[in-house]
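Chain by chain, the residues:
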Amino acid sequence: MRNIMHSRKYLASASVALIALTSAAAAQEACSSYTIKDGDSLGSIAQSAYGSFDYQMIFNANRNLIDNPNSLETGIVLQIPCEDGQLSAESDVTQIIAQEEEKQSKKAKSNIYEPPIKLLSGNGWEPYTGENMKGGGMLVRLATTALNRGGNDREFNLSFVDDWQAHFDTLLPLGAFDVSVAWYKPADCSNLDSLDENTKYRCTQLDWSLPIYESVSAYWTMPDNQYAEVKAYSDYAGARVCRPDGWSLAELSSEGLVEPVITLVQPAGPEDCIQKLVKGEVDMALLDLEGGDAAVKKVPEAVGVVQPNPNLSKLQTIHFVSHKTNPRGRVYLALMNKGLNEMRESGEWYAVIADSLADFNKIN
């Protein structure tokens, strides 16, 4: 199982595509293995196994086998997780977590006082972060667990501030918090003049952890919208694009999708973007697969209607960040990197993700 958990490498950015419902894939079932056949895609496999556009869970479970989600090698055997995220009916991810926690409890504690690390996150980014979810959400759990793995034994304080932009504008640069959970890292910072101000800030003012998660971003639309199935980013010229306030605009700006080429709409959160889609106030919402799927489920009029563009999407890495002015920021990120590396080796990284998603689905 260790091989399933461990990533060979992380891609800063990779083109991926969601395949339409008509893709020719044989029937697959959750909680089983499946051999890739010619014409299969992760999108078609997820549709058959879960009835959902969201193939993120399959990608997570088979990261060591999949270099490019848009190009599956025929004959590869994938593990199709159960709907609760377990790798098989016999496995129990909570058991892995319990085993690692027991190991940690038996390690000698340091007598040297170290101030608690001040962690910061926000609500409204389900299933990744949120006070209503187990441990504060999937990415928050990865952060807090990493601080007690890999030889670490660090205390922490965790706060939620829902104004995500304030994390960058005031809270991190003023030292009110040490590490924010969590952010997309720009794929390319080599040409700052071509980037929007938010992306420039990320490139020049922040320090980043190793990738903690790889998320598929998608372009969600109403099926009858003129931009529903465009095949090139340039075809979004003239569109009203929804992206929550404070979220990265790097993916848009890297493709030349900046005002006035597009009209950018920035409400508070993903659910607001979905509501605007339903009302016809925007043409497209740029949201990750899991977050977009969660937001759609919260808007009754959108369920079964709002869909991601089957032709365009990207793979982005998510990280913990600290501000460059924080004298201990890089030290804290290094601690978290050590913990994350151990979690990947032990299988706890996947176990935390699967357990978090299972808990979130119960809430939903």
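See the structure printed just above.
Just so you know, these numbers come straight off a predicted model, no measurement behind them.

**Focus: helix 9 (residues 270–279)**
Of the residues making up helix 9, those classed as buried are P270, C273, I274 and L277. Around the axis of helix 9, the buried residues are gathered within 100° of arc, so they sit on the same side. Residues of helix 9 that are buried sit in contact with strand 8 (213–221), strand 9 (240–242), strand 11 (284–288) and helix 10 (289–298). With its phi angle positive at about 80°, G280 sits one or two positions after the end of helix 9.

**A look at the environment of G280**
Here G280 lies in the loop between helix 9 and strand 11. In this structure the C-alpha to C-alpha distance between G280 and R240, which are 40 residues apart in sequence, comes to 9.8 Å.

**So, the environment of P310**
Mapped onto the secondary structure, P310 falls in strand 12 (residues 307–323). Accessibility expressed as a relative area gives 15% for P310, which makes it buried. On a C-alpha basis, the gap between P310 and P69 in space is 13 Å, while along the polypeptide they are 241 residues apart.

**Observations regarding the packing of aromatic side chains**
For the coordinates displayed, the defined rule picks out 12 aromatic pairs. Relative to W183, the ring of W164 has its centre 5.4 Å away and its plane inclined at 80°; by these criteria the two rings are edge-to-face. Taken as a pair, W164 in helix 6 (residues 164–171) and W183 in strand 6 (residues 179–184) lie far apart in primary sequence, 19 residues in all. One exposure class covers both W164 and W183, and it is buried. Linked through ring pairs, W125, Y128, W164, F168, W183, Y184, Y201, Y213, W247 and W349 together constitute an aromatic cluster. When the ring centre of Y233 is taken as origin, the NZ or CZ atom of K314, which lies over that ring, is 5.1 Å away. A cation over an aromatic ring shows up here: R344 above the ring of W349, its NZ or CZ 4.2 Å from the ring centre.

**Here's the deal with the state of the cysteines**
Going through the model one piece at a time under the given rule, you end up with three disulfides. In this model C189 forms its disulfide with C203; the gap between the sulfur atoms is 1.9 Å. Residues C189 and C203 are joined by a disulfide whose S-S torsion is about -75°; by sign, that bridge is left-handed. Taken as a pair, C189 in the loop between strand 6 and helix 7 (197–205) and C203 in helix 7 lie far apart in primary sequence, 14 residues in all. Across the disulfide, C242 is cross-linked to C273 (sulfur-sulfur distance 2.1 Å). Across the S-S bond of C242 and C273 the torsion is about -80°, and the bridge reads as left-handed. Linking C242 in strand 9 with C273 in helix 9, this pair joins segments that are 31 residues apart in sequence. Its relative accessible area of 0% is what places C242 among the buried residues. Of note for the chain: the bonded cysteines, numbered N- to C-terminal, pair according to 1-2, 3-4, 5-6.

**Concerning the side chain of D355**
Position of D355 relative to the elements: it lies in helix 12 (residues 348–363). The exposure class assigned to D355 is buried, which follows from its relative accessible area of 9%. Those residues in contact with D355 that lie beyond four places of it in its chain are V93, T94, I97, K134 and R141.

**Here we look at the pairing of strand 6**
Counted residue by residue, strand 6 has six buried out of six residues, so it is predominantly covered. Here strand 4 (residues 117–121) runs beside strand 6; their pairing, made up of two bridges, is parallel. Paired with L120 across the strands is S180, a residue of strand 6. Both strand 6 and strand 12 contribute to a ladder of four bridges, which runs antiparallel. Residue pairing in the sheet places V181 in a bridge with F320 of strand 12.

**Observations regarding a negative patch on the surface**
Among the surface-exposed residues, E131, D162, D163, D169 and D245 lie close enough to one another that they form a single negatively charged patch. By the element assignment, D169 lies in helix 6.

The rules behind the values
Residues numbered from 1 in each chain as written. Predicted model: local features only at pLDDT ≥ 70, side-chain atom pairs only at ≥ 80, totals over all residues. Heavy atoms only, no water. Buried < 20%, exposed > 50% of the residue type's maximum accessible area, 1.4 Å probe, protein only. Helix = DSSP H or I, 4+ residues; strand = E, 2+ residues; numbered from the N terminus. Arc of directions from axis to C-beta. Contact = heavy atoms within 4.5 Å. Phe/Tyr/Trp six-rings, centres within 6.5 Å; stacked < 30°, edge-to-face > 60°. Lys NZ or Arg CZ within 6 Å of the ring centre and 35° of its normal. Disulfide = S-S within 2.5 Å. Pairing = 2+ DSSP bridges. Patch = residues over 30% accessible without salt bridge, like charges linked within 9 Å, V, L, I, M, F, W, Y side chains within 5 Å. Areas by Shrake-Rupley, 256 points an atom, 1.4 Å probe, with all protein chains shown as cover. Salt bridge = Lys/Arg side-chain N within 4 Å of Asp/Glu carboxyl O. Lys, Arg positive; Asp, Glu negative; His and termini not counted. Charge placed at Lys NZ, Arg CZ, Asp CG, Glu CD.

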